[in-house]
Structures are given as structure tokens and as C-alpha cells.
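Structural overview
Listed here are the chains, written in short residue letters.
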Amino acid sequence: NLDEETILKVVLLEDIDNIWKILLLIGIGVFKSFTNIAYTEIIKKLAEEQKLFLIIASSDYIYGTNYNFCHGYLSKDLNSITPEKTIQAIGRIGRKQSNCIYTMRFRDDTILKNIFLPNFDNIEAVNLNNLLS
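Scope of this entry: the structure provided in the associated data block. All values derive from a computational prediction rather than experimental measurement.

1. Quick look at the overall build of the protein chain
- Counting its regular elements, the protein chain contains 6 helices and 4 strands.
- Secondary structure of the protein chain in N-to-C order comes out as α-α-β-α-β-β-α-β-α-α.
- Across the 133 residues that make up the protein chain, the buried fraction comes to 29%.
- Residue pairs at least 24 apart in sequence account for 60% of intrachain contacts in the protein chain once pairs closer than 6 positions are excluded.
- By element, 56% of the accessible surface of the protein chain is carried by carbon and sulfur atoms, the whole surface being about 9100 Å².
- Charge separation in the protein chain, taken as the distance between the mean sites of 14 positive and 16 negative side-chain charges, equals 5 Å.

Shown next, in the form of C-alpha cells:
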């Protein structure tokens, strides 16, 4: 359900392959490193307006989103995601609305184990200690 102005903006984007434009026009936003920042801004706008059916993103984009999602799905290729990013991802589900069904799915138990079991390889803690030493 996109307005004509948004459709024209997407179609006229330069340096974006047609496959990414088509995916966006059918409601699938893909966050990845594009040289054209306008594409990413359109995805953010559509996500905020809840006009996307699906958003595909790496763990690096979790901190950058501040949108309410109804369903979350962490794939098994994210098994090296930090516990902090996992908690952030879980926190994006079910905010700001009540009386809705919310789900969070994990394709690999390793992701959950990293939250609930001690983590001796905390990359963020090591980087912070190096920064402050």
C-alpha cells in the first residue's frame, strides 16, 4: 500500500539494482551497505509507517532501528551475535501496542544460551576495556 510519490522515488533511485527496488515495492526492506543512502532512508520511513511486510537485516542494524515489530526471527547464521544485540532485538518486538500477538523465533539455541549463560568472550567488554585503559 505505497503512495505514488514513494513508488517514483524507489523506481528512480540510482546505483540500486532492480532486484532491491522490486523487493521494496512488494514490501520487503533489506538493510545492507548500499552506496545510495536514499534507499535506506526510504526503508526506514516505510518501516516507521509499518508499510513493510518483512525487514531483512544483519545484527549491525538492530541498534539503529527504533520501530515496533510484531514478529522477530533470528536466523541461525547470527550465532555470533552478542548478547546485547540479542536483547536489543527482543526489545524491538511488541512495543507501543497492546492486544496484538507477538512472537520471537530463534533458529539456533546458541543465541539464547549466550543470553542466559556466562559469556567469557564478550567482545564489547574487551573493546571497552581497551578503550578506557
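2. As for the side chain of Thr86
- Within the secondary structure layout, Thr86 lies in helix 4 (residues 83-91).
- The buried category is assigned to Thr86, whose relative accessible area is 0%.
- In contact with Thr86, not counting residues within four places along its chain, are Leu74, Ile81, Phe106, Ile111 and Ile115.

3. Focus: unusual backbone geometry
- Even without glycine at this site, Asp15 takes up a positive phi of about 65°.
- With respect to the helices and strands, Asp15 occurs in the loop between helix 1 (4-11) and helix 2 (18-25).
- Judged by its relative accessible area of 65%, Asp15 falls in the exposed class.
- We note that Gln50 has phi near 55°; this positive angle belongs to a residue other than glycine.
- Tracing the backbone through its elements, the reader meets Gln50 in the loop between helix 3 (37-48) and strand 2 (54-56).
- Take Gln50: its relative accessible area is 46%, and that puts it in the partly exposed class.

4. A look at the packing of aromatic side chains
- Inspection of every chain in the model, using the stated rule, returns 2 aromatic pairs.
- Ring centres of Trp20 and Phe34 lie 5.6 Å apart, and the angle between their planes is 75°; on these two criteria the pair is classed as edge-to-face. In this pair, Trp20 sits in helix 2 while Phe34 sits in the loop between strand 1 (28-30) and helix 3, placing the two residues 14 residues apart along the sequence.
- On the accessibility criterion, Phe34 (15% relative accessible area) is buried.
- An aromatic cluster is built from Trp20, Phe34 and Tyr39, whose rings are joined through pairwise contacts.

5. Some details on the nonpolar core
- Leu24, Tyr39, Ile42, Ile43, Leu46 and Leu52 are the most contacted members of the largest nonpolar core, which has 13 residues in total.
- The biggest single contributor to this core is helix 3, with 5 residues.
- Apart from the residues lying within four places of it in its own chain, the contact partners of Ile42 are Thr6, Lys9, Val10, Leu13 and Leu24.
- With 5 residues, the next largest nonpolar core counts Leu74, Leu78, Ala89 and Ile111 among its residues.

Analysis parameters
- Note on numbering: residues in each chain are counted from 1, in written sequence order.
- Reporting in this predicted model follows two pLDDT cut-offs: at least 70 for local features of residues, and 80 or more for side-chain atom pairs to be given and counted; totals over whole chains, interfaces and linings ignore these cut-offs and use all residues.
- Side-chain measures here rest on the full set of heavy atoms in the structure, leaving out hydrogens and waters.
- Strands here mean DSSP runs of E at least two residues long; helices mean DSSP runs of H or I at least four residues long; both are numbered from the N terminus.
- Remark: exposure states derive from per-residue accessible area (1.4 Å probe, protein chains only) relative to the maximum for the residue type, with buried under 20%, exposed over 50%, and partly exposed in between.
- In this analysis, two residues are considered to be in contact whenever any of their non-hydrogen atoms come within 4.5 Å of each other.
- Per-residue and other accessible areas follow the Shrake-Rupley method at a 1.4 Å probe size, with only the shown protein chains counted as cover for residues.
- When charges are counted, Lys and Arg are positive and Asp and Glu negative, with His and the chain ends excluded.
- In plain terms, the charge of a residue is placed at NZ if it is Lys, CZ if Arg, CG if Asp and CD if Glu.
- Side-chain rings of Phe, Tyr and Trp (the six-membered ring for Trp) are treated as a pair once their centres are within 6.5 Å; stacked means planes under 30 degrees apart, edge-to-face means over 60, and tilted covers the remaining angles.
- In plain words, nonpolar cores are sets of buried Ala, Val, Leu, Ile, Met, Phe, Trp, Tyr and Cys residues tied together by side-chain atoms within 4.5 Å.

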